[in-house]
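Residue-level structure breakdown
Below, each chain spelled out in residue letters.
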Amino acid sequence: MPEVTTIEKRVWIKSGVVEELDLKQQRLVDHVYEKIMLYYRELYRTRPCYRYPLSLSRLMRLTKRSGHAVATALRYLANTVPAGTDETPPVFYDRQSATKNKSHRPYRIFLRRKYV
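Here is a short report on the structure shown in this document. No experiment lies behind these values; they were computed from the predicted model shown.

**A short note on the environment of P82**
Secondary-structure assignment places P82 in strand β3 (residues 80-82). With 44 residues separating them along the chain, P82 and L38 place their C-alpha atoms 22 Å apart. Sequence-distant contacts of P82, defined by excluding residues within four places in its chain, comprise E8, K9, R10 and E87.

**Comments concerning the packing of aromatic side chains**
Considering all chains together, one arrives at 7 aromatic pairs under this definition. Summarising the aromatic geometry, the rings of Y39 and Y44 are spaced 5.9 Å apart at their centres and angled 40 degrees between planes, so their arrangement reads as tilted. For Y44, a relative accessible area of 21% puts it in the partly exposed group. Centre to centre, the rings of Y93 and Y107 are 5.3 Å apart; their planes meet at 45 degrees, and the pair counts as tilted. Here the residue Y93 occupies a position in strand β4 (residues 91-95), and Y107 occupies one in strand β5 (residues 107-111), the gap between them amounting to 14 residues. By relative accessible area, Y107 is classed as buried at 14%. An aromatic cluster is present here, built from Y39, Y40, Y44 and Y50 joined pairwise through their rings. Directly above the ring of Y107 sits R95, whose terminal nitrogen or CZ lies 4.5 Å from the centroid.

**What to know about the packing of helix α2 (residues 56-63) against helix α3 (residues 67-79)**
Their axes nearest at 10 Å, the elements α2 and α3 cross at an angle of 105 degrees. Relative to α3, the element α2 lies roughly perpendicular. Where α2 abuts α3, its residues L56, L59, M60 and T63 lie against G67, V70, A71 and L74.

**As for the nonpolar core**
With 23 residues, the main nonpolar core has I36, Y40, L54, L59, L74, V91 and I109 as its most contacted residues. For this core, the secondary structure elements donating two or more residues are α1 (23-43), α2, α3 and β5. Discounting chain neighbours no more than four positions away, the residues touching V91 are Y33, I36, L74, L77, A78, I109, F110, L111 and R112.

**Examining α2**
Within α2, the full set of buried residues consists of L56, L59 and T63. In an axial view of α2, the angular spread of the buried residues amounts to 60 degrees, which keeps them on one side of the axis. Looking at the packing, one finds that the buried side of α2 touches α1, α3 and β5. The positive-phi residue at the C-terminal boundary of α2 is K64, with phi of around 60 degrees.

Reading the values: rules and limits
- Residues numbered from 1 in each chain as written.
- Predicted model: local features only at pLDDT ≥ 70, side-chain atom pairs only at ≥ 80, totals over all residues.
- Heavy atoms only, no water.
- Helix = DSSP H or I, 4+ residues; strand = E, 2+ residues; numbered from the N terminus.
- Contact = heavy atoms within 4.5 Å.
- Phe/Tyr/Trp six-rings, centres within 6.5 Å; stacked < 30°, edge-to-face > 60°.
- Buried < 20%, exposed > 50% of the residue type's maximum accessible area, 1.4 Å probe, protein only.
- Lys NZ or Arg CZ within 6 Å of the ring centre and 35° of its normal.
- Axes fitted to C-alpha atoms, helices over the stretch in contact; angles between N-to-C directions.
- Parallel < 35°, antiparallel > 145°, perpendicular 65-115°, else oblique.
- Core = buried A, V, L, I, M, F, W, Y, C linked by side-chain atoms within 4.5 Å.
- Arc of directions from axis to C-beta.

Have a look at this one:
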């Protein structure tokens, strides 16, 4: 059985818990972050379909990954920082209730201003 190598340690900002990400997890987090950057730097507000903030379903289509994988990577990006750094996470999101169906709470994903 091959040995799993730990690539990066990330610290959850509220609890201080350190989590180790293996190579596959780190590649997924990096891929999702690249697609978020692509959306806000090149696509946002260029066409009518891109006039809204990035949603989880649009991010799933951009990354070609499942909803669970993208949501997990999004939680890492929004709630953790690399170990040993004092910066804020580059991404944040909120979930507001839809106007017609209050139980539907879509994700709205944003990039912090200093990373744009």
